[in-house]
Each structure stands twice: as structure tokens, then as C-alpha cells.
Amino acid sequence: QVQLVESGGGLVQAGDSLRLSCAASGRTFSSYSMGWFRQAPGKEREFVAAISRGGGNTNYAGSVKGRFTISRDNGKNTVYLQMNSLKSEDTAVYYCAAAFSPYYSSTPNRDLDYDHWGQGTQVTVSS
């Protein structure tokens with residue numbers, strides 16, 4: 001079982017940067033592809049970014065590509081989401097998720113592929 005705890009959310013202005021962190025419990029963190037999703041009020045949850053087990057492969061939604069960077073530190077059981085040039089439309093609750101994967105390069109972008117979820121952290125971008 002993996003437990004995920006996000007942190008780093010907050011209120012920022014458009015154009016600012018923010019870094020989210022997700023700390024995972026357990027000894028098998030490197031067995032999981034990791035992803036970030038977000039859900040804005042009144043909208044469905046959407047994929048943001050994913051990173052493979054070893055960190056060598058990443059996958060981004062088109063709306064964040066070039067602005068957001070996902071990374072991981074397997075020694076610290078932590079995945080990060082660096083968010084630059086934030087826009088008001090990035091306002092959402094951001095969720096960290098873990099997908100057990102036998103494939104080292106897998107970067108799933110469907111929420112149904114993920115087995116474990118954090119509680120979410122609010123990001124609000126004012127324009």
C-alpha cells in the first residue's frame with residue numbers, strides 16, 4: 001500500500017511559479033509511475049503530467065507543456081511538479097497519483113491507470 005501526501009499549494013499571481021511536492025510512504029516507490037492530475041470547480045479531473053519509474057520518461061498535457069516540469073527523487077520517495085508562468089486557468093486542486101507498473105518507461109495519462117491517490121492540494125492563480 002502506498003500513501004501519498006501533497007504539499008506546496010497556495011495562492012499566487014499570474015506569471016508566478018510554484019512547486020508542488022508529493023511524499024510517498026512505503027519501500028517500493030521506484031516500482032510506481034507517478035502522475036499529477038488536477039480538477040477545477042465544475043470540471044472533470046484532468047491529466048497534467050506523468051513520470052516513469054526511473055524518471056527517464058515524462059509525459060505532459062498540451063496545456064502545461066513548456067511551463068510545468070515533473071521530476072522525482074526515488075531516494076526521498078518524492079515526486080515534484082514545478083509550475084512556471086502560471087495562468088488563472090491553472091487554478092484547481094492538484095492530485096498526486098501512483099501507478100504500479102512492470103514497465104520501466106511507462107507514463108500513463110489516464111486516471112484509471114492509477115492505483116493510489118493523495119488528498120489534493122489547492123492551487124489558486126489570481127489574474
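Draft legend 1. Molecular detail of the sheet that holds strand β3 (residues 18-24). A sheet is described by the order of its strands in space; here 4 strands give the open sequence β1-β3-β8-β7, paired in antiparallel fashion. Since the sheet does not close on itself, it has two edges, and those belong to β1 (4-7) and β7 (68-73), each with one partner. Between one strand axis and the next, the sheet turns by 15° as a mean value, whatever way the strands run.

Draft legend 2. Quick look at the packing of aromatic side chains. Under the definition given, this model contains 5 aromatic pairs. Taking the centre distance of 5.2 Å and the plane angle of 80° together, the rings of F37 and Y114 count as edge-to-face. Here F37, found in strand β4 (residues 32-39), pairs with Y114, found in the loop between β9 (92-100) and β10 (116-117); they are 77 residues apart in sequence, far enough to count as distant. Through a chain of ring-to-ring contacts, three or more aromatic side chains come together here, namely F37, F47, Y114 and W117. Over the face of the ring belonging to F29 we find R72, whose NZ or CZ atom lies 4.5 Å from the ring centre.

Draft legend 3. A look at the environment of Q122. Mapping Q122 onto the fold places it in strand β11 (residues 121-126). Look past the residues within four positions of Q122 in its chain and what remains in contact with it is G9, G10, T91, A92 and V93. A distance of 3.4 Å separates a polar side-chain atom of Q122 from the backbone oxygen of A92.

Draft legend 4. Representation of the state of the cysteines within the structure. One pass over the structure, following the stated rule, counts 1 disulfide. A disulfide bridge connects C22 with C96, and the sulfur atoms are separated by 2.1 Å. Measuring the twist about the S-S bond at about -80°, one finds the C22-C96 disulfide to be left-handed. Within this pair, whereas C22 is found in strand β3, its partner C96 is found in strand β9, the two being separated by 74 residues in sequence.

Draft legend 5. Looking closely at the nonpolar core. Judged by nonpolar contacts, the single largest core of 36 residues is most densely connected at M34, W36, V79, L81, M83 and Y94. Ranked by the residues each element gives to this core, the list is headed by β9, at 6 residues. Among residues more than four places away in sequence, those in contact with V79 are L20, S21, C22, F29, M34, W36, I51, I70, S71, R72 and C96.

Draft legend 6. Structural view of the environment of R110. For R110, the location among the structural elements is in the loop between β9 and β10. R110 gets classed as partly exposed once you look at its relative accessible area, which sits at 45%. On a C-alpha basis, the gap between R110 and S52 in space is 14 Å, while along the polypeptide they are 58 residues apart. Among the polar contacts listed, one links the side chain of R110 to the side chain of D113, at a separation of 2.9 Å.

Reading the values: rules and limits
Residues numbered from 1 in each chain as written. Predicted model: local features only at pLDDT ≥ 70, side-chain atom pairs only at ≥ 80, totals over all residues. Heavy atoms only, no water. Pairing = 2+ DSSP bridges. Helix = DSSP H or I, 4+ residues; strand = E, 2+ residues; numbered from the N terminus. Axes fitted to C-alpha atoms, helices over the stretch in contact; angles between N-to-C directions. Phe/Tyr/Trp six-rings, centres within 6.5 Å; stacked < 30°, edge-to-face > 60°. Lys NZ or Arg CZ within 6 Å of the ring centre and 35° of its normal. Contact = heavy atoms within 4.5 Å. Polar contact = N/O pair within 3.5 Å; in protein donor to acceptor, adjacent residues only side chain to side chain. Disulfide = S-S within 2.5 Å. Core = buried A, V, L, I, M, F, W, Y, C linked by side-chain atoms within 4.5 Å. Buried < 20%, exposed > 50% of the residue type's maximum accessible area, 1.4 Å probe, protein only.

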